Amino acid sequence: MPTKKVSCPTITQSDFGTLQNGESAQLYTLENCHGVKIKISNYGGIIVALETLDKHSNSADIVLGYENIESYENDPYYLGAIIGRYAGRIDHGLLTINENTYQLELNNNDNQLHGGFQALNKQLWQATCTSSTEYVSLILHHTSPDGANGFPGNVDFKVIYSLSNNNELTIEYFASTDKTTAINLTQHSYFNLAGHNSGDIYQHQIQLNAEHFLPMNERIYPTGEIRPVKNSAHDFKQLKLLGSDIKSNDEQVVIAKGYDNYWLTNDNAITGEVYTARAIEPNSGRQLTMYSDNSCLILYTANYIDGSQTGKQGTVYQQHSAFCFEPQRLANNLTGANIKNTILNPEQPFYSKTRFIFETLA
């Protein structure tokens, strides 16, 4: 009997539970022909699971997450979510645009973090799917009203997740506004290439296409200095073990309890054609390479995860159990806001693109 030809890549939809407001969340599974399977919810645009093969052809889920929608509604860590309207901290929630000052909602002591309460990561997005012989896409839409969390402008957001048969996950961000506002979007997946439940990430090797980073003060805001990475704990120009300096007495590492700075990506990376960041986990052979057109990157090493949340398969996630590559626009050296390339005008829509490529090394 002839073997039935498998059609791939594919995208399927299933229920993911009911939100506290009574709305139903959905889970979309994107799967290609080479063992990559990605589960994304239209709640928060969250990447719930991301399965890839290791060098022995064994599959593992390599992102932190939860089993149910209730846990995501209560999640304090932004696991796997789309972040916005503004990724990062805005000091005292004060945003000044064209000499107008807006008081934003404060959700992190005396600042606004990642867009405030009920930001893009806590919204139920409208979803549609498309497919071809080479890739499948999940298209998410959300309209944020004027004044949401204090931000001006009605903003229409669109995020497209696409998985190809080349083991490439592409994330495209679109936004348009009817009033000048501030926009800074990123994706907040927590990666552990050995598997989400495999413990710390100290054996991961990281490489960043960046010659400079922004030191921060004890309030975790950039000081205004642009510092070369050379001869510092923040030098990842060549592959380097995360564990080598993550517990060092470097002032910046101590402040952050790990890594949580802005790196300024080199000009060749901003083209989107040369890598921005790379991670390798040698035991599994998994390699993740990221390309992005953004001007900076935050490497965050799950410094504030504290064992208080139970994740998938009953896993209690701990500090340094994952890393995030967060490409975004350059933040203001003093406040985290008000920089020109995060300003969105009605006449010029926002667009950004990030690609993750999954490979295995022998």
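Quick caveat, the model's predicted, so the values are computed rather than measured. One numbering rule holds for all chains: residues counted from 1, following each sequence as written. Per-residue local features are limited, in this predicted model, to residues with pLDDT of at least 70; the limit for side-chain atom pairs, both in listing and counting, is 80 or more; totals at the level of whole chains, interfaces and linings are taken over all residues. The basis for the side-chain values is all heavy atoms of the structure; hydrogens and waters are excluded.

Undergrad: Sorry if this is basic, but what is going on with the overall build of the chain here?
TA: Helix numbering and strand numbering both begin at the N terminus, where a helix is a DSSP run of H or I of at least 4 residues and a strand a DSSP run of E of at least 2. Summing up its helical and strand segments, the chain has three helices and 27 strands in all. For a compact globule the rule gives 2.2 Å times the number of residues to the power 0.38, and the radius of gyration it is set against comes from C-alpha atoms. Taking 21 Å as the expected radius of gyration for a compact globule of 362 residues, we find that the chain reaches 20 Å, a close match to that expectation. Referenced to the eigenvectors of the C-alpha coordinate spread, the extents of the chain come out at roughly 75 × 45 × 40 Å. Classification of residues uses two cut-offs on accessible area relative to the type maximum, computed with a 1.4 Å probe and protein chains only: under 20% is buried, over 50% is exposed, and between them is partly exposed. Across the 362 residues that make up the chain, the buried fraction comes to 57%. Only the protein chains shown count as cover for residues, and all accessible areas are computed by the Shrake-Rupley method using a 1.4 Å probe. Carbon and sulfur atoms make up 46% of the accessible area of the chain, which totals about 15100 Å².

Undergrad: In this structure, what is going on with the packing of aromatic side chains? I would like to understand it.
TA: Between the rings of Phe, Tyr and Trp (Trp by its six-membered ring), a pair exists once the centres lie within 6.5 Å; its type follows the angle of the planes, with under 30 degrees stacked, over 60 edge-to-face, and the other angles tilted. Tallied over the entire structure, the rule returns 12 aromatic pairs. Ring centres of Tyr-66 and Tyr-72 lie 5.0 Å apart, and the angle between their planes is 80°; this geometry places the pair in the edge-to-face category. For the pair shown, Tyr-66 and Tyr-72 are each scored as buried. Both rings, one in Phe-191 and one in Phe-356, keep their centres 5.7 Å apart while their planes meet at 45°; by these two values the pair is tilted. In this pair, Phe-191 sits in the loop between β16 (186-188) and β17 (205-208) while Phe-356 sits in strand β27 (residues 350-360), placing the two residues 165 residues apart along the sequence. Each member of the pair, Phe-191 as well as Phe-356, carries the same accessibility label: buried. Taken together, the ring pairs connect Phe-191, Phe-323, Phe-325 and Phe-356 into an aromatic cluster. In this scheme, Lys NZ or Arg CZ marks a charge over a ring once it lies within 6 Å of the ring centre and within 35 degrees of the ring normal. Positioned above the aromatic ring of Phe-236, the side-chain terminus of Lys-240 is 4.6 Å from the ring centre.

Undergrad: When you look at the nonpolar core in this model, what are you seeing that I'm missing?
TA: Soluble, globular proteins show a tendency: their nonpolar side chains are buried together. Among the nonpolar cores identified, the biggest contains 55 residues, and Tyr-161, Leu-299 and Phe-325 are the most heavily contacted of them. If you tally residues by element for this core, the top one is strand β13 (residues 155-164), at five residues. Grouping buried Ala, Val, Leu, Ile, Met, Phe, Trp, Tyr and Cys residues that are joined through side-chain atoms within 4.5 Å yields what is termed a nonpolar core. Of all hydrophobic cores here, the second largest spans 30 residues; its members include Val-48, Ile-69, Leu-79 and Tyr-190.

Undergrad: Could you clarify how one ought to interpret empty space enclosed by the protein in this entry?
TA: In this approach a probe as big as a water molecule rolls over the atoms, and the regions it shows empty are the leftover space. Grid points spaced at 1 Å over the protein atoms alone were grouped into cavities, where a 1.4 Å probe fits but cannot get out, and pockets, open sets with protein on both sides within 12 Å along at least five of seven lines, with lining residues defined by an atom within 4 Å of a point. Grid points are joined across faces, edges and corners, and a volume is the space filled by probe spheres set on the points. With the rule as written, the count across this model stands at one cavity of 30 Å³ or more. Of the pockets and cavities examined, the largest cavity occupies roughly 30 Å³. Lining the largest cavity we find Ile-46, Tyr-72, Asp-75, Ala-81, Asn-121 and Lys-122. Just so you know the grouping, Ala, Val, Leu, Ile, Met, Phe, Trp, Tyr, Cys and Pro go in nonpolar, Asp, Glu, Lys and Arg go in charged, and all remaining residues, Gly too, go in polar. Residues belonging to the lining of the largest cavity are distributed by class as follows: three nonpolar, one polar and two charged.

Undergrad: Where do I start with the pattern of salt bridges in this structure?
TA: Salt bridges are defined by distance alone: a side-chain nitrogen of Lys or Arg within 4 Å of a carboxyl oxygen of Asp or Glu. On inspection of all chains with the given rule, the structure shows eight salt bridges. A salt bridge links Lys-312 to Asp-61, with the nearest nitrogen and oxygen atoms 2.6 Å apart. One end of the pair, Lys-312, is in the loop between β24 (296-300) and β25 (324-328); the other, Asp-61, is in strand β5 (residues 59-61), and 251 residues separate them in sequence. In this pair, the class of Lys-312 matches that of Asp-61, namely buried. For the salt bridge of Lys-179 with Asp-146, the shortest nitrogen-to-oxygen distance reads 3.2 Å. Of this pair, Lys-179 sits in the loop between β14 (168-177) and β15 (181-182) while Asp-146 sits in the loop between β12 (135-144) and β13, and the two are 33 residues apart along the sequence. Lys-179 sits in the partly exposed class, given a relative accessible area of 34%. Owing to a relative accessible area of 39%, Asp-146 belongs among the partly exposed residues under this scheme. Residues participating in the shared-partner salt-bridge network are Asp-91, Asp-110 and Arg-219.

Undergrad: Sorry if this is basic, but what is going on with the state of the cysteines here?
TA: One covalent bond between the sulfur atoms of two cysteine residues makes up a disulfide. Cysteine sulfurs are considered disulfide-paired once they come within 2.5 Å of each other. With the rule as written, the count across this model stands at one disulfide. There is a disulfide in this structure between Cys-8 and Cys-33, and the S-S distance comes to 1.6 Å. Judged by the torsion about the S-S bond (100°), the Cys-8/Cys-33 disulfide is right-handed. Here Cys-33 lies in the loop between β2 (24-31) and β3 (37-41) and Cys-8 lies in the segment before β1 (10-18), a separation of 25 residues in the sequence. Lacking any disulfide linkage, Cys-129 is separated from the closest cysteine sulfur, that of Cys-8, by 17 Å. For Cys-129, a relative accessible area of 37% corresponds to the partly exposed category. Cys-324 carries a free sulfur, and the closest cysteine sulfur to it, the one in Cys-296, is 14 Å from it.

Undergrad: Where do I start with the sheet that holds β5 in this structure?
TA: Strand pairing in a sheet takes place through backbone hydrogen bonds and is either antiparallel or parallel in direction. Pairing within the open sheet is antiparallel, and its five strands lie in the order β1-β2-β3-β4-β5. Since the sheet does not close on itself, it has two edges, and those belong to β1 and β5, each with one partner. In this sheet, adjacent strand axes meet at a mean angle of 20° when their direction is disregarded. When DSSP finds two or more bridges between a pair of strands, those strands are recorded as paired. All axes are obtained by fitting lines to C-alpha atoms, using only the stretch in contact for helices, and the reported angles, taken between N-to-C directions, cover 0 to 180 degrees.

Undergrad: I'm lost on the layout of surface pockets in this one. Help?
TA: Taken as a whole, the largest pocket spans an internal volume of roughly 950 Å³. Around the largest pocket, the lining is made up of 44 residues, and of these Pro-76, Tyr-78, Asn-107, Leu-113 and His-114 lie nearest the centre. Where the lining of the largest pocket is concerned, the elements lending two or more residues are β10 (111-113), β21 (260-265), β24 and β25. In this structure, the second largest pocket spans a volume of roughly 160 Å³. As for the second largest pocket, its lining consists of Phe-16, Leu-27, Lys-39, Val-48, Ala-49, Glu-51, Asp-61, Tyr-66, Glu-67, His-196, Lys-312 and Gln-313.

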